[in-house]
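Close look at the chain arrangement
Listed below are the residues making up each chain.
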Amino acid sequence: MTQAQMPPETVLDALQDILLRHIPSQGILPSAIDGLMLVRREETDTTDRCFEKPLASVIVQGSKRLLIGREEYIFHRGQCLVSGIDMPSLSSFLDASPERPFLSLFFYLDRQIMTDLLLRMPPAGKRAQADDPAVTVTDAGPEFLEAMLRLAELLDKPEQIAIRAPMILRELHYLLLIGPLGPVLRDLYTQGSQNSQILRAIAILRRNVGVPVRMEELARQVGMSLSTLHRHFKTITGFSPLQYHKQLRLHEAQRLMLVEDMRAASAALSVGYESVTQFTREYKRLFGEPPHRDIQRKRGLAPADAGACGA
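Described below are features of the structure shown in this document. (Residues numbered from 1 in each chain as written. Predicted model: local features only at pLDDT ≥ 70, side-chain atom pairs only at ≥ 80, totals over all residues. Heavy atoms only, no water.)

**What about the overall build of the protein chain?**
Defined as follows: In this text, helices come from DSSP runs of H or I with a minimum length of four residues, and strands from runs of E with a minimum of two, each type numbered from the N-terminal end. Working definition: with a 1.4 Å probe on protein chains only, accessible area under 20% of the residue-type maximum means buried, over 50% means exposed, and in between means partly exposed. Areas reported as accessible are Shrake-Rupley estimates using a 1.4 Å probe. Residue values count occlusion only from the protein chains shown. His residues and chain termini do not enter the charge count, which takes Lys and Arg as positive and Asp and Glu as negative. Charge positions are represented by NZ for Lys, CZ for Arg, CG for Asp and CD for Glu.
The helix and strand inventory of the protein chain stands at twelve helices and ten strands. Each principal axis of the C-alpha distribution contributes one length, and for the protein chain these read about 65 × 50 × 35 Å. Split into buried and exposed, the 311 residues of the protein chain put 50% on the buried side. Here the protein chain has roughly 14900 Å² of accessible surface; of this, 52% comes from carbon and sulfur atoms. Here the protein chain contributes 37 positive and 36 negative side-chain charges, whose respective centroids are spaced 7 Å apart.

**Re the pairing of strand 7 (residues 79-83)**
Note the threshold: Here, strands pair whenever DSSP counts at least two bridges between them.
For strand 7, the buried fraction is high: five of the five residues fall into the buried class. Sheet topology note: the strand 4 (residues 55-61)/strand 7 ladder contains four bridges and is antiparallel. Paired with V58 across the two strands is C80, which belongs to strand 7. With five bridges joining them, strand 7 and strand 10 (residues 135-139) adopt antiparallel strand pairing. Bridging across to strand 10, Q79 finds its partner in D139.

**A closer look at the pattern of salt bridges**
Selection rule: Salt bridge criterion: a side-chain nitrogen from Lys or Arg within 4 Å of a carboxyl oxygen from Asp or Glu.
By the definition in use, this model includes 18 salt bridges. Between R150 and E146 there is a salt bridge, with its nearest N and O atoms 2.5 Å apart. Of this pair, R150 and E146 both sit in helix 3 (residues 142-153), four residues apart, which is roughly one turn of the helix. Of the charged contacts, one joins R299 and D261 as a salt bridge, the two residues approaching to 3.0 Å between their closest N and O atoms.

**Digging into the environment of L286**
You can see L286 is positioned in helix 11 (residues 276-287). Put simply, L286 and L250 are 36 residues apart on the chain and 8.1 Å apart in space, counted from C-alpha to C-alpha.

**Some words on the nonpolar core**
Let me state the cut-off plainly: We call a set of buried Ala, Val, Leu, Ile, Met, Phe, Trp, Tyr and Cys residues a nonpolar core when their side-chain atoms join them within 4.5 Å. Contacts are assigned to residue pairs with any non-hydrogen atoms lying within 4.5 Å of each other.
Judged by nonpolar contacts, the single largest core of 84 residues is most densely connected at L105, F107 and F144. Counting residues per element, this core draws most heavily on helix 4 (residues 161-177), which supplies eight residues. The contacts of F107, once residues within four sequence positions are left out, are G35, L36, P54, L55, A56, F144, M148, L169, L172, H173 and L176. In terms of nonpolar packing, the next biggest core, distinct from the first, is built from 14 residues, A253, A267, Y273 and L286 among them.

**Brief notes about the packing of helix 6 (residues 194-207) against helix 7 (residues 215-222)**
Selection criterion: Note on method: axes are straight lines fitted to C-alpha atoms, helices fitted across the in-contact stretch only, with angles between N-to-C directions ranging 0 to 180 degrees. Roughly parallel covers angles under 35 degrees, roughly antiparallel covers those over 145, roughly perpendicular covers 65 to 115, and oblique covers all other angles. We call a crossing left-handed when the near helix sits turned anticlockwise from the far one by less than a right angle, and right-handed when that turn is clockwise.
Direction vectors running N to C along helix 6 and helix 7 enclose 130°, while the axes themselves pass 9 Å from each other. Judged by the inter-axis angle, helix 6 sits oblique to helix 7. Considering how the two elements wind past one another, helix 6 and helix 7 form a crossing that is right-handed. Here helix 6 contributes Q197, R200, A201, I204 and L205 to the contact with helix 7, which in turn contributes L218, Q221 and V222.

**Thoughts on the sheet that holds strand 10**
In spatial order, the strands read 1-2-9-4-7-10; together these six strands make up an open sheet with antiparallel pairing. This sheet does not close on itself; its edge strands, each paired only once, are strand 1 (27-30) and strand 10. Across the sheet, the mean angle separating the axes of adjacent strands is 20° when strand polarity is ignored. Sitting on the sheet, helix 4 touches strand 4, strand 7 and strand 9 (102-108), and the angle it makes with strand 9 is about 95°.

**Side note on the side chain of R249**
Among the secondary structure elements, R249 is positioned in helix 9 (residues 241-259). Nearest to the buried, unbridged R249 among oppositely charged side chains is E282, at 5.6 Å. Among residues more than four places away in sequence, those in contact with R249 are V209, V271, G272 and Y273.

**Remarks on the packing of aromatic side chains**
As a reminder of what qualifies: Pairing of aromatic side chains requires ring centres within 6.5 Å, counting the rings of Phe and Tyr and the six-membered ring of Trp. Pairs whose planes differ by under 30 degrees are stacked, by over 60 edge-to-face, and all others tilted. The criterion for a charge sitting over a ring is simple: Lys NZ or Arg CZ within 6 Å of the ring centre, and within 35 degrees of the ring normal.
Inspection of every chain in the model, using the stated rule, returns eight aromatic pairs. Taking the centre distance of 5.3 Å and the plane angle of 85° together, the rings of F233 and Y244 count as edge-to-face. Taken together, the residues F233 in helix 8 (residues 226-237) and Y244 in helix 9 connect sequence positions eleven residues apart. The pair F233 / Y244 is uniform in exposure class, with both members buried. Considering the side-chain rings of F279 and Y283, the 5.6 Å spacing of their centres and the 55° angle between planes classify their relative orientation as tilted. Taken together, the positions of F279 and Y283, both in helix 11 and four residues apart, correspond to about one turn of that helix. With respect to burial, F279 and Y283 carry one shared label: buried. A network of ring pairs unites the aromatic residues Y273, F279, Y283 and F287 as a single cluster. Positioned above the aromatic ring of Y108 is the side chain of K53, whose terminal nitrogen or guanidinium carbon lies 4.3 Å from the ring centre.

Geometric values such as these leave the question of function open.
In structure tokens, the structure reads:
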């Protein structure tokens, strides 16, 4: 029997064995393969709040609840979550324990690979409905699971990573483009589409994280009317542009304090807050604790967990 014919459960068991060997303790670890992350969680009473880049994730063991905007996603062993844009999210683990940890692996989407593949693929017909969220959860298809296994197996063959990993990652990107989220991903990475205009708006918000943003000017820059920008942005992300920008600012402030050891007042000013009191209030509303206490708690976590996100 060839590997491509392996039943999904057999592939998942093989992935589970690889993850347990390469991430023996709880955490979110970058692997030797650039862009591939390994996740192990052993507690159900913890939540991860993060602002994550576009990615594709497969659950190998356990279940996870993910809240993005107003949408809740629950996905289980053998299912795949794909997010086509930078998204703030809140996640929790439903049935993790030291004896049976939650296990997953994910890789970040590469815009250059997506664009290059789309140039080589035949053009898609116009969709009747373009207002789809840029996040989906679906069963991981046999081809996608098999490719993920071939990628993970390279962790035991480090001398092959430099040559084979880029080819397998390119294959995985292609499988995403022809999968359930393919039409949305095509729109995001196809110049001139409404989704690509939203992607441009997000890039502008990220570049101007510490600057007040005028929505009229943002709409003009991406070539949309204000009402169309607001409606389409919220459909794609689950947030209004202003809500999204506020989340960006607070997550960047958290990163500045955690990674660059910046004081709360300095971080607040860096992301555009004039009032430290307002910053502290909004920070606590989002993260559940005042800045100082939140950063202290995160620094007490294992190094692999501090400041990390994971899908």
